[in-house]
Amino acid sequence: QFPFGRRLPCDIYWHGVSFHDNNIFSGQVNKFPGMMETVRKITLSRAMRTMQDLFPLEYNFYPRSWILPEELPLFVAEVRVMKDSDPSWKPTFIVKPDGGCQGDGIYLIKDPSDIRLTGSIQSRPAVVQEYICKPLLMDKLKFDIRLYVLLKSLEPLEIYIAKDGLSRFCTEPYQEPTLKNLHQVFMHLTNYSLNIHSENFIHSDSVNTGSKRTFSSILCRLSSRGADVKKLWSDIISLVIKTIIALTPELKVYYQSDIPAGKPGPTCFQILGFDILLMKNLKPMLLEVNANPSMRIEHEQELSPGVFENVPSPVDEEVKVAVIRDTLRLVDPQKKKRKDAQANICLCLPCPKGFTEFPCLYREGMKDKQHKHHSLKLSLKLKFYLKLGSCPSLEHVPESSESLLDAVPAERPEAAGPRGPEAGLPSLCLKQVFPKYAKQFGSLRLVDRVAALFIRFLGVKGTTKLGPTGFRTFIRNCKLSNSNFSMAAVDILYIDITRRWNSMGIDHKESGMCLQAFVEAFFCLAQKKYKSLPLHEQVASLLEFCEGHLAALDEKRLLWGWG
Ligand code: ADP
């Protein structure tokens, strides 16, 4: 233990909230820089919109969304046009404050004029989204799915999905939204933190019943009703990969700013919580991505009015312990495959309560120490045990094939189980899905390539915004200026787009053009140059054009260097 701060470099740093800590030069950190910002409701909606503009069919798993307040006129206008063209369309919308969680400040509306723009929560920037009116019900109740995803590396991209997750149930029977029931949160919102306060909430020690169940138990029920759960599972994998592909450009900009290439720094990994809603027709829809999913394995029980006690929650334990255990197995620096592993881990947790972030450590090694710590940051060197236990396997994850959609899900037991030093440990619950199925998703990574151009011209290390000189250099080096598009027009394009993005007031810390603004400028240039093609082909063509010129330039520079 290092009560006065960490002295020795660690193999793994387990931070409670974000990447940031004082100077880490080696090892692995369990958070990516900028992840919290990247998955906020507004930023996620923007990233998904960009992908929907490029690939509307591939990204139709995210509800149509508008950003408030700046897109309120657009929202009103688009809804009016859609209603005019289809008078039978009677939509409902859900308004969610940016940065909110646990259902905080969320409300449903039937008409754009019902948006509340005053009041402390309402005046916050928000996302308004088409409400999914026909969710899949179980026992007449709406539920959502929390799946755990490990982003093990950004470059190269490596994604793992936990084979089991949680299903969180509403506590009032579902009815399609009407003006009368719009306000009934226990009917429409699946948040555990809300429903736990309902008198109908059922704590259960079984993973198949109650208000929180394992996702595998839902799949079993669906399978027994004859539903195609293999297709459902591959749709979910596809949703997760596509969502992460939408997030990587922004994450790479943060990454190079916090951990500049060529300087000593740590590598990162992160467990993300994906919230997914199944529609009646079994199509999975993404609700949101959580950068800090709760890893609590206890729930509060009211012993007598007002008196609460934390009691173990077998459902949470079943799913979450496996996720953390497997994450540690996958990032184990020495790849030591022993039953009892030993490593140096630094925990930076917000408070002793933060042990809930790390339940298996807390339960296995920390119990008696919990009460001694009151410091805000805590560094520990400890021995942890990889807990033996059963790992519920969905057995629906395509394992043997490289093609996700053609894959025949494994109905057989997990091959022969792990061999060698890991024999005796449960087989991994985290399944690699990328690069395993990379082939089918390669063509979607256009914005990643736009981000690579952006990063190349950022120039100054540690920045996330492009200055006017950097933008001009990009235009010159890629030979994008000509008699129809003068350098004066380039400057105007830069000023127009940058001013608009900065006026949206997301990040005032740095001046200059942010990645999303650069992406917009790039799309604009692509449309100008390749008029008649669909947008994704315009962008792909411009990327090839730019990358070709830059490769030729690099070659020339190399030759001059040799000269
Ligand atoms: P929070 O971060 O506050 O939990 P979410 O985006 O997860 O916000 O929304 C809270 C709940 O509202 C979800 O768990 C889900 O039950 C419901 N919900 C959110 N968006 C939609 C939607 N577009 N259609 C139907 N239900 C939704």
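Treat the numbers as computed from the prediction; the structure is a model and nothing was measured.

Counting residues in hydrophobic clusters, the biggest one holds 102 residues, and the most contacted among them are Ile159, Phe274, Phe471, Phe474, Phe518, Phe522 and Val539. Of the residues forming this core, the biggest block, 14 residues, is contributed by helix α7 (residues 229–258). Filtering out sequence-adjacent residues up to four positions away, Phe474 remains in contact with Leu453, Phe457, Leu480, Phe518, Phe522, Leu525 and Cys546.

Quick look at the site of the ligand now. Taken together, 24 residues lie around the ligand, and Lys96, Gly103, Thr190, Asn191 and Glu288 are the ones closest in. Taking Glu130, its main chain carries an N or O atom lying 3.0 Å from a nitrogen atom of the ligand. Its free accessible area being 540 Å², the ligand has 98% of it covered by the protein chains. Residue classes in the shell around the ligand are distributed as nine nonpolar, seven polar and eight charged.

Here strand β3 (residues 65–68) shows a buried face lined by Ser65 and Ile67 and a second buried face lined by Trp66 and Leu68. As paired strands, β3 and strand β6 (residues 126–130) are joined by four bridges and run antiparallel to one another. Bridged to Ser65 within β6 is Gln129.

A complete count under the given rule lists 26 salt bridges for this structure. Among the salt bridges present, the one from Asp111 reaches Lys83, with a minimum N-O distance of 3.4 Å. With Asp111 in the loop between β5 (107–109) and β6 and Lys83 in helix α3 (residues 72–85), the pair connects residues that are 28 residues apart, well separated along the chain. With a relative accessible area of 27%, Lys83 lands in the partly exposed category. Residues Asp139 and Arg221 are paired through a salt bridge, measuring 2.8 Å at the closest nitrogen-oxygen approach. With Asp139 in the loop between β7 (137–138) and β8 (141–153) and Arg221 in helix α6 (residues 215–224), this residue pair connects regions lying 82 residues apart in the sequence.

A separate point is the environment of Ser216. Within the secondary structure, Ser216 sits in helix α6. Classification of Ser216 as buried rests on a relative accessible area of 13%. Placed 49 residues apart in sequence, Ser216 and Ser167 show a C-alpha to C-alpha distance of 9.0 Å. At 2.7 Å, the side chain of Ser216 and the side chain of Asp164 are in polar contact.

A few words now on the packing of aromatic side chains. If you walk through the whole model with that rule in mind, you get 18 aromatic pairs. Plain terms: the ring middles of Phe143 and Phe169 are 5.1 Å apart, the flat faces sit at 20 degrees to each other, and that makes the pair stacked. One end of the pair, Phe143, is in strand β8; the other, Phe169, is in strand β10 (residues 166–169), with 26 residues separating them in the sequence. Phe169 shares its class with Phe143; the two are buried. Summarising the aromatic geometry, the rings of Tyr192 and Phe201 are spaced 5.7 Å apart at their centres and angled 70 degrees between planes, so their arrangement reads as edge-to-face. Overall, the relative accessible area of 12% leaves Phe201 in the buried class. Linked through ring pairs, Phe454, Phe457, Phe471, Phe474, Tyr494, Phe518 and Phe522 together constitute an aromatic cluster. The lysine or arginine in question, Arg116, covers the ring of Tyr107, its NZ or CZ lying 3.9 Å from the ring centre. Across the ring face of Phe545, the terminal group of Lys529 is positioned such that the distance to the ring centre comes to 4.1 Å.

The rules behind each value
Residues numbered from 1 in each chain as written. Predicted model: local features only at pLDDT ≥ 70, side-chain atom pairs only at ≥ 80, totals over all residues. Heavy atoms only, no water. Core = buried A, V, L, I, M, F, W, Y, C linked by side-chain atoms within 4.5 Å. Buried < 20%, exposed > 50% of the residue type's maximum accessible area, 1.4 Å probe, protein only. Helix = DSSP H or I, 4+ residues; strand = E, 2+ residues; numbered from the N terminus. Contact = heavy atoms within 4.5 Å. Near = heavy atom within 4 Å. Polar contact = N/O pair within 3.5 Å; in protein donor to acceptor, adjacent residues only side chain to side chain. Areas by Shrake-Rupley, 256 points an atom, 1.4 Å probe, with all protein chains shown as cover. Nonpolar A, V, L, I, M, F, W, Y, C, P; charged D, E, K, R; others polar. Pairing = 2+ DSSP bridges. Salt bridge = Lys/Arg side-chain N within 4 Å of Asp/Glu carboxyl O. Phe/Tyr/Trp six-rings, centres within 6.5 Å; stacked < 30°, edge-to-face > 60°. Lys NZ or Arg CZ within 6 Å of the ring centre and 35° of its normal.

These results come straight from atomic positions and should not be treated as a statement about function.
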